[in-house]
Number of protein chains: 2
Amino acid sequence: MIHRLPKYMRQLELLHQNGVNRVSSAELGKRMGQTASQIRQDFSCFGEFGQQGYGYNVTKLRDEIANILGMDRGHTAILLGVGNIGRALAENFCFANCGIDLKCAFDLNPEKFGKNINGIEVKGQQELEEYLARNPIDIAVLCVPKTAALSLTELLIACGVEAFWNFTGVDIALGHGDILVENISFSDSLMALGYYLKNLLTA
Amino acid sequence: MIHRLPKYMRQLELLHQNGVNRVSSAELGKRMGQTASQIRQDFSCFGEFGQQGYGYNVTKLRDEIANILGMDRGHTAILLGVGNIGRALAENFCFANCGIDLKCAFDLNPEKFGKNINGIEVKGQQELEEYLARNPIDIAVLCVPKTAALSLTELLIACGVEAFWNFTGVDIALGHGDILVENISFSDSLMALGYYLKNLLTA
């Protein structure tokens, strides 16, 4: 169910932006490709937000889901590795929309030190330990090459980082049962698509 | 189970590159953070690749999984939208490693027309329909802005594209039950991480 919450969040944010104040489970279901009863069941898990015959209050429901998702906790993050993916995230991805405060970025390449990407300063990776000693950080966004992934993860764990948003394609969670990892694996996703496509074309 | 296959593929490829010819379910399980019995159960679903007391033949198992994933089918793809994410994919992501032949890219910005990114030519989007009429394509990699996602999806479906690798954050599958969509949603993933982190910190 947790993986549906961000999708609800997105729809409710859209409705809110369009000035919609309330929405029925049927309407929300239609927008999300789910049944109304699935919607009602999901929302009943975390309390009462709907009123029969009235529907859900869009703003209240959005705020409650934001609360459940921890988006109001002021979680902080740093970005490791300002290559193509790291730069794309810093430039285009709105961390604040997910309730995350992206503090700064680190890279090994001296040519990038001091650069500013969309308000995010790039620091030298040799400053990382000192920075983390002064500024405890919740989430490390890992965009470094595969070869650097494991050693950097060890260092970050030693510096107290507990959550990783992992773009490296390396299974960094292995042997670290106590950290949180969300993986974005492009190749796993594309291979899965190839699998479904093969079965569609040979069906 | 299908979502574990790409992970098996990655491990077997690594073993193969390291010159390892056979691997036991226990060893493979250790590398993947799974039990040996889970490994044996997964592989038993698609025939017999192991031999008791000998283990699995790495190359044979890898080739079989590649076959199941359709990686040997020569699936073709085009990339739509050469912004930060599109460019990062074209520059750094090895489509061939997933068995996908990325043919070319399309963009609306005339300054990008004719550019070559890592061997991939950028064409003008006005050429898209004519291109697809001459070159049937299996997969569209959608890296366009949210506002363009739905209309472009309609156009691609009309041109015969059935599978979409979707980076737009828009639910393009809605109302198109007959297409295949694999979503890479950065915000869903980061929100999920925030949720787990909140629960870890308040536990």
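In this text, all values refer to a predicted model and were calculated from it rather than measured experimentally. (Residues numbered from 1 in each chain as written. Chains lettered and ligands numbered in written order. Predicted model: local features only at pLDDT ≥ 70, side-chain atom pairs only at ≥ 80, totals over all residues. Heavy atoms only, no water.)

A. Fine view of the packing of aromatic side chains. In this structure the tally under the stated criterion is 22 aromatic pairs over all chains. Seen in terms of ring centroids, Phe 186 of chain A and Trp 165 of chain B are 6.3 Å apart; in terms of plane orientation they differ by 90 degrees. Their pairing is edge-to-face. Residue Phe 186 of chain A is found in helix H8 (residues 186–201), and its partner Trp 165 of chain B is found in strand S9 (residues 163–166); the two belong to separate chains. Consider the rings of Phe 43 of chain B and Tyr 56 of chain B, whose centres lie 5.1 Å apart with planes at 90 degrees: the pair is edge-to-face. Placement of the pair is Phe 43 of chain B in helix H3 (residues 36–44) and Tyr 56 of chain B in strand S3 (residues 55–57), with a sequence separation of 13 residues. For the residue pair Phe 43 of chain B and Tyr 56 of chain B, the accessibility class agrees, reading buried in each case. Each member of the aromatic cluster is reached from another via a ring pair, and the members are Phe 93, Phe 95, Trp 165 and Phe 167 of chain A together with Phe 186 of chain B. (Phe/Tyr/Trp six-rings, centres within 6.5 Å; stacked < 30°, edge-to-face > 60°. Helix = DSSP H or I, 4+ residues; strand = E, 2+ residues; numbered from the N terminus. Buried < 20%, exposed > 50% of the residue type's maximum accessible area, 1.4 Å probe, protein only.)

B. The arrangement of unusual backbone geometry in detail. Residue and element names in this part refer to chain A. The residue Asn 118 is not glycine, and still its phi comes out positive at about 55 degrees. You can see Asn 118 is positioned in the loop between strand S6 (116–117) and strand S7 (120–124). Residue Asn 118 is classed as exposed on the basis of its relative accessible area of 54%.

C. Just the relation of the copies chain B and chain A, in detail. Superposing chain B onto chain A requires a rotation of 180 degrees together with a translation of 0.0 Å along the rotation axis, leaving an RMSD of 0.0 Å. Taken together, the rotation and translation relating the two chain copies correspond to the operation of a two-fold axis. Comparing interface residues between copies, 100% of those in chain B also lie at the interface in chain A; the contact surface is shared. (Least-squares fit on C-alpha atoms with pLDDT ≥ 70 in both. Contact = heavy atoms within 4.5 Å.)

D. Molecular detail of the sheet that holds strand S9 (residues 163–166) of chain A. Here we have seven strands laid out as an open sheet, ordered S6-S7-S5-S4-S8-S9-S10 (chain A), and mixed in their pairing. Here the strands that pair on one side only, and so sit at the sheet edges, are S6 and strand S10 (180–183) of chain A. Here strand S8 (residues 139–142) of chain A runs beside S9 of chain A; their pairing, made up of four bridges, is parallel. Its bridge partner lying in S9 of chain A, Ala 140 of chain A is registered against Phe 164 of chain A. Strand contacts of helix H7 (residues 146–158) of chain A: strand S4 (75–80), S8 and S9 of chain A, with the helix running at about 170 degrees to S8 of chain A, the strand carrying the most contacts. In the packing of helix H8 (residues 186–202) of chain B onto the sheet, the strands contacted are S4, strand S5 (100–107), S8, S9 and S10 of chain A, and the crossing angle to S10 of chain A comes to about 170 degrees. (Pairing = 2+ DSSP bridges. Axes fitted to C-alpha atoms, helices over the stretch in contact; angles between N-to-C directions.)

E. Highlighting the packing of helix H2 (residues 25–32) of chain B against H3 of chain B. Residues and elements named next belong to chain B. Between H2 and H3, the least distance of the axes is 8 Å, while the angle of their chain directions is 105 degrees. Comparing the axis directions of H2 and H3 gives the class roughly perpendicular. Residues Ser 25, Ala 26, Leu 28 and Gly 29 of H2 lie in contact with H3, whose contacting residues are Ala 36, Ile 39, Arg 40 and Phe 43. Considered class by class, the residues forming the contact of H2 with H3 number five nonpolar, two polar and one charged. (Parallel < 35°, antiparallel > 145°, perpendicular 65-115°, else oblique. Nonpolar A, V, L, I, M, F, W, Y, C, P; charged D, E, K, R; others polar.)

F. Structural view of the pattern of salt bridges. Summed over all chains, the structure comprises 24 salt bridges over all chains. The residue Asp 42 of chain B makes a salt bridge to Arg 4 of chain B at a minimum N-O spacing of 2.7 Å. Linking Asp 42 of chain B in helix H3 with Arg 4 of chain B in the segment before helix H1 (5–17), this pair joins segments that are 38 residues apart in sequence. In this structure Asp 42 of chain B comes out as buried when scored by relative accessible area, which is 3%. Taken together, the shared-partner salt bridges in this structure form one network comprising Lys 7 and Arg 10 of chain A together with Asp 171 and Asp 188 of chain B. (Salt bridge = Lys/Arg side-chain N within 4 Å of Asp/Glu carboxyl O.)

G. A look at the interface of chain B and chain A. If you look at the interface, chain B gives 62 residues, while chain A gives 62 residues. Interface area, chain B with chain A, both sides summed: about 5,500 Å², of which 68% is carbon and sulfur. Area buried by chain B at its contact with chain A is led by Leu 190, Met 191 and Leu 193 of chain B, which between them contribute 13% of it. Linking Lys 7 of chain B and Asp 188 of chain A is a salt bridge whose minimum nitrogen-to-oxygen distance equals 3.0 Å. Between the two partners, chain B and chain A, sit 18 residue pairs in polar contact (both at pLDDT 80 or more). Counting residues per element, the ones that place at least two in the side of chain B that touches chain A are H1, H2, helix H4 (58–68), helix H5 (84–92), S9, strand S10 (180–183) and H8 of chain B. Considering every element that reaches the side of chain B that touches chain A, the biggest residue donor is H8 of chain B, with 16 residues. Of the residues belonging to the side of chain B that touches chain A, the class tally is 33 nonpolar, 16 polar and 13 charged. (Buried area = accessible area lost by both parts, 1.4 Å probe. Polar contact = N/O pair within 3.5 Å; in protein donor to acceptor, adjacent residues only side chain to side chain.)

H. Up close: the confidence of the model for chain A. Averaged over every residue, the pLDDT of chain A is 91; residues scoring 70 or more account for 97%. Both confidence scores are given for the complex: pTM 0.88, ipTM 0.91. (pLDDT = per-residue confidence, 0-100.)

I. Representation of the sheet that holds strand S5 (residues 100–107) of chain B in the model. Strands sit in the order S6-S7-S5-S4-S8-S9-S10 (chain B) across an open sheet of seven strands; the sheet is mixed. At either end of the open sheet lies a strand with only one pairing partner, and these are strand S6 (116–117) and S10 of chain B. Direction of pairing for S5 of chain B relative to strand S7 (residues 120–124) of chain B: parallel, over a ladder of three bridges. Following the sheet pairing, Ala 105 of chain B is matched in S7 of chain B by Val 122 of chain B. Where H8 of chain A meets the sheet, its contacts fall on strand S4 (75–80), S5, strand S8 (139–142), S9 and S10 of chain B, and the angle it forms with S10 of chain B comes to roughly 170 degrees. Packing of helix H7 (residues 146–158) of chain B onto the sheet brings it into contact with S4, S8 and S9 of chain B, and relative to S8 of chain B it is tilted by some 170 degrees.

J. Geometry of the pairing of S4 of chain B. Residue and element names in this part refer to chain B. Burial within S4 is extensive, with six of its six residues counted as buried. Alternating positions in S4 separate into two faces, His 75, Ala 77 and Leu 79 on one and Thr 76, Ile 78 and Leu 80 on the other, with burial throughout. Pairing analysis gives six bridges linking S4 to S5, with the strands arranged parallel. Counted as the bridge partner of Leu 79 is Ala 105 from S5. Handedness of the β-α-β unit built from S4, H5 and S5 comes out right-handed. Relative to S8, S4 runs parallel, the two sharing four bridges. Note that in S8 the partner of Leu 79 across the bridge is Val 141. (Right-handed = clockwise from strand over helix to strand, strands pointing away.)

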